[in-house]
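# Working through the structure, step by step
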Amino acid sequence: MLLTRGNPKILKGEKQGYLTSILHLAPADLSGYQTCPKATAGCKAACLNTAGRGGIFKKGESTNVIQQARIRKTVRFFEAREQFMQELGLEIQSTIKYAEKKGLIPVFRLNGTSDIAWEKIRFGAYRNIFEAFPGVQFYDYTKIAKRNVPSNYHLTFSAADGNDADVAVAIDRGYNVAVVFADKKLPEQYNGLTVFNGDESDLRFLDPLKSIIGLYAKGKARKDSTGFVKRIIPIVTA
Ligand code: SF4
């Protein structure tokens, strides 16, 4: 199986009528292949790759079955691309049928823990997988500001340590920008834009346009000191 479901945020989406399936690959160069060309020191340290069961290791071990499966999938993506894409297509097809039976709208995130430009990856006779499933909504976060994607692939730009210039490009190009904040109480505005709470669901393609998508720092991100997590200093008046 390439696609997975079932994290708590995804379950929130089901209540809104959507079934999200996610492809988790090994991030950055963990597999020996680069899947996150714009990864930063801060995002790598705080990466969701080690959130939930993916981050539970037996004493003295630095890997587990989830991590090994992600590495295997990533190696297959690079070394047996055609077979990998065929399998992905079949899983998307069967997920669409499964969602229909449950009365849910199927949606897909192919970069659960990677940042691959899927619009450039061929799928059989199609230019990319989005062209093969034109009526299906795909969505992802990305740190690559200049991507040209089809209309059924929604991207939210991810702010990180040291990518302010790319944030500006992304805002210019009309992307929403996800920002991880240290404080659970999100600011109302950031960089002149309204902050929308991104923790209420994972359905980023439903977010209001021209927004900052505020996410509360979780897990390892709470200890961030690189600037990946933004800290809002309250203005103290005398
Ligand atoms: S770019 Fe995203 S998936 Fe890749 S290491 Fe950073 S946070 Fe993880």
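Residues numbered from 1 in each chain as written. Predicted model: local features only at pLDDT ≥ 70, side-chain atom pairs only at ≥ 80, totals over all residues. Heavy atoms only, no water.

### Some remarks on the overall build of the protein chain
- Along the backbone of the protein chain there are six helices and ten strands.
- In terms of overall size, the protein chain behaves like a compact globule, its C-alpha atoms giving a radius of gyration of 18 Å where 238 residues would be expected to give roughly 18 Å.
- Expressed as lengths along the three principal axes of its C-alpha atoms, the size of the protein chain is roughly 65 × 45 × 35 Å.
- Counting across all 238 residues of the protein chain, residues that qualify as buried make up 50%.
- Long-range contacts, defined here as pairs at least 24 residues apart, represent 60% of the contacts in the protein chain between residues at least 6 apart.
- Of the accessible surface of the protein chain, which amounts to about 13000 Å², a share of 55% is contributed by carbon and sulfur atoms.
- Of the charged side chains in the protein chain, 35 are positive and 23 negative, and the gap between their average positions amounts to 4 Å. (Helix = DSSP H or I, 4+ residues; strand = E, 2+ residues; numbered from the N terminus. Rg over C-alpha atoms; globule rule 2.2 N^0.38 Å. Buried < 20%, exposed > 50% of the residue type's maximum accessible area, 1.4 Å probe, protein only. Contact = heavy atoms within 4.5 Å. Areas by Shrake-Rupley, 256 points an atom, 1.4 Å probe, with all protein chains shown as cover. Lys, Arg positive; Asp, Glu negative; His and termini not counted. Charge placed at Lys NZ, Arg CZ, Asp CG, Glu CD.)

### Re the site of the ligand
- Around the ligand, the surrounding shell consists of Pro27, Cys36, Cys43, Lys44, Cys47, Thr113, Ser114 and Lys143.
- Residues belonging to the shell around the ligand are distributed by class as follows: four nonpolar, two polar and two charged. (Near = heavy atom within 4 Å. Nonpolar A, V, L, I, M, F, W, Y, C, P; charged D, E, K, R; others polar.)

### Brief notes about the packing of aromatic side chains
- As enumerated under the stated definition, the model contains twelve aromatic pairs in all.
- Taken together, the ring pairs connect Tyr33, Phe77, Phe78, Phe84 and Trp118 into an aromatic cluster.
- Here the basic side chain of Arg81 rests over the ring of Phe77, its NZ or CZ set 3.9 Å away from the ring centre. (Phe/Tyr/Trp six-rings, centres within 6.5 Å; stacked < 30°, edge-to-face > 60°. Lys NZ or Arg CZ within 6 Å of the ring centre and 35° of its normal.)

### What about the pattern of salt bridges?
- Using the criterion set out here, one finds nine salt bridges in the structure.
- Across the pair Arg127 and Glu131 runs a salt bridge, and its minimum N-O distance is 2.7 Å.
- A relative accessible area of 58% means that Arg127 is categorised as exposed.
- Taking relative accessible area as the criterion, Glu131 reaches 30% and is therefore assigned partly exposed.
- Between Asp207 and Arg204 there is a salt bridge, and its shortest N-O distance comes to 2.5 Å. Accessibility classification places Asp207 together with Arg204 in one group, the buried group. (Salt bridge = Lys/Arg side-chain N within 4 Å of Asp/Glu carboxyl O.)

### Observations regarding unusual backbone geometry
- The phi torsion at Asn191 lies on the positive side, around 55°, for a residue other than glycine.
- You will see that Lys210, though not glycine, has its phi angle at about 55°, which is positive.
- Assessed through its relative accessible area of 65%, Lys210 is described here as exposed.

### As for the environment of Arg147
- With respect to the helices and strands, the residue Arg147 is situated in the loop between β4 (137-142) and β5 (153-158).
- Aside from chain neighbours lying at most four places away, what touches Arg147 is Asn111, Asp115, Ile116, Ala117, Trp118, Glu119, Thr142, Tyr153, Leu155, Arg173 and Tyr175.
- Side chain to side chain, Arg147 and Glu119 meet in a polar contact 2.8 Å long.
- Within the structure, the side chain of Arg147 is placed 3.2 Å from the side chain of Tyr153, a separation counted as a polar contact. (Polar contact = N/O pair within 3.5 Å; in protein donor to acceptor, adjacent residues only side chain to side chain.)

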